[in-house]
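Summary of the model geometry
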Amino acid sequence: MAEDYLAKAQIAVEMAQSQGASMSEAYVSASKETTVEISNQQVEAMKMAKEHGLGIRVILNGKIGFAYSSDLSDSSIKNIVRQAVANAEKTHADEFNILPKRSELYPKLDLVDKKILDTPIEEKITLAKEIENQARAFDKRVKITESTTYQDVVYSISIFNSQGISESYKGAYCGAYAYLVAEENGESQTGFDLTYSLKYKDINPSKIGQEAAQKAVRMLGAKNIATQKAAVVLDPYVATNFLGVLASALSAEAAHKGKSVFSGKVGKKVSSTAITIIDDGALPGAILSSPFDGEGVR
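Attention here is on the structure that accompanies the text. (Residues numbered from 1 in each chain as written. Predicted model: local features only at pLDDT ≥ 70, side-chain atom pairs only at ≥ 80, totals over all residues. Heavy atoms only, no water.)

Summing up its helical and strand segments, the protein chain has 7 helices and 6 strands in all. The order of α-helices and β-strands along the protein chain, N terminus first, is α-β-β-β-α-α-α-β-β-β-α-α-α. Relative to the compact-globule value of 19 Å for 298 residues, the protein chain shows a C-alpha radius of gyration of 24 Å, a clear excess of over 25%. In terms of principal-axis extent, the alpha carbons of the protein chain reach across some 70 × 50 × 35 Å. When the 298 residues of the protein chain are sorted by exposure, 37% land in the buried category. The long-range share in the protein chain, meaning contacts at least 24 apart out of those at least 6 apart in sequence, stands at 67%. Here the protein chain holds 34 positive side-chain charges and 37 negative ones, and the gap between their average locations is 4 Å. (Helix = DSSP H or I, 4+ residues; strand = E, 2+ residues; numbered from the N terminus. Rg over C-alpha atoms; globule rule 2.2 N^0.38 Å. Buried < 20%, exposed > 50% of the residue type's maximum accessible area, 1.4 Å probe, protein only. Contact = heavy atoms within 4.5 Å. Lys, Arg positive; Asp, Glu negative; His and termini not counted. Charge placed at Lys NZ, Arg CZ, Asp CG, Glu CD.)

Dropping the structure here:
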């Protein structure tokens, strides 16, 4: 299937080049998503959806134009190429508007677990039901299941440009989560847990259900504390939110344009030595790792 999308991308680039583009690039993404939502041991919602789309980017006299369509017919591709060229004529030229050449030695990554593809939908429904069973069995104060959900996504990415890049890959990931409500003496508290992985076997319904229930129950009877200076232990999900605040400042674009607090500080201490942040787009075993980025660069 990925090879078919790559052929579509090549057609788009060849059309763009024939219409005067000095450089052009086509990017095609396709995905199939399965979602099962359970409440009170009943299937509340089930979604099985497919989607795909092609984006074409052209550079014409230093000007960039872009267009996109979810219709991959030859006539539609012809139209969006024409639109991208027309859009380029309306933008400002920039000498740094270029497309990359092909990288050498793209990493080989294991991104597709056949278990995700081959497991029957009935088994996935049973997994979601078991999350709820485990949560209810953990503590009788867990009264309401807002949602216990299983989800998986299978996708492919293809990119072709006029600089020699012609690459594609497939990936898949799956996960499950639970949102619960615990009640006692008129008080209610919520709890959640989730697990996402490249491997179907890593989705443990007992762990997800029990930890979501434990988080809800432990909040019952919680009290406010006075304003004070104190050591704070952050839940990993909270710590992730702090990293989210920093993420935009850690982008190459923000640093290059001087819009980041970290600009010009390579080699300087900017945080506690207890903190280590790794940015690796091809990290083995990590969700959405890929052999190349959105432009085909390794």
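What follows concerns a nonpolar patch on the surface. Among the surface-exposed residues, Leu-243, Leu-246, Leu-250, Ile-275 and Ile-277 lie close enough to one another that they form a single nonpolar patch of about 430 Å² accessible area. Note on placement: Leu-243 falls in helix H6 (residues 236-247). Residue classification places Leu-243 among the partly exposed residues on the basis of a relative accessible area of 38%. (Patch = residues over 30% accessible without salt bridge, like charges linked within 9 Å, V, L, I, M, F, W, Y side chains within 5 Å. Areas by Shrake-Rupley, 256 points an atom, 1.4 Å probe, with all protein chains shown as cover. Salt bridge = Lys/Arg side-chain N within 4 Å of Asp/Glu carboxyl O.)

Let us now look at the packing of helix H4 (residues 121-138) against helix H5 (residues 205-218). At a minimum axis separation of 7 Å, H4 and H5 run at an interaxial angle of 40°. Relative to H5, H4 is oriented oblique. The two elements H4 and H5 meet at a crossing, and its hand is right-handed. In contact with Leu-127, Glu-130, Ile-131, Gln-134, Ala-135 and Phe-138 of H4, H5 contributes Pro-205, Ser-206, Ile-208, Gly-209, Gln-210, Ala-213 and Gln-214. (Axes fitted to C-alpha atoms, helices over the stretch in contact; angles between N-to-C directions. Parallel < 35°, antiparallel > 145°, perpendicular 65-115°, else oblique. Left-handed = near helix turned anticlockwise from the far one by under 90°.)

Right, let's talk about unusual backbone geometry for a bit. Of note in this structure, Gln-41 is not a glycine but carries a positive phi near 65°. Backbone geometry places Leu-105, a non-glycine residue, at a positive phi of 55°. Note on placement: Leu-105 falls in the loop between helix H2 (74-88) and helix H3 (114-118).

Bringing the sheet that holds strand S2 (residues 42-60) into the picture now. Ordered by their spatial adjacency, 6 strands build an open sheet running S3-S2-S1-S4-S5-S6, and the pairing between neighbours is antiparallel. Every interior strand has two partners, whereas the edge strands, strand S3 (63-69) and strand S6 (187-197), have only one. Shown here is a sheet whose adjacent strand axes are inclined to one another by a mean of 20°, direction ignored. Both S2 and S3 contribute to a ladder of 7 bridges, which runs antiparallel. (Pairing = 2+ DSSP bridges.)

In the sheet, strand S4 (residues 142-161) pairs with strand S5 (residues 166-184) via 17 bridges, with the strands oriented antiparallel. Paired with Ile-157 across the two strands is Tyr-169, which belongs to S5. Linking S4 back to S5 in an antiparallel pair, the connection comprises 4 residues, with Gly-164 at a positive phi of about 105°. Examined bridge by bridge, S5 and S6 share 11 bridges and lie antiparallel to one another. Its bridge partner lying in S6, Glu-183 is registered against Ser-188. Connecting S5 to the antiparallel partner S6 that follows it, the hairpin turn spans 2 residues, and Asn-185 within it adopts a positive phi of roughly 55°.

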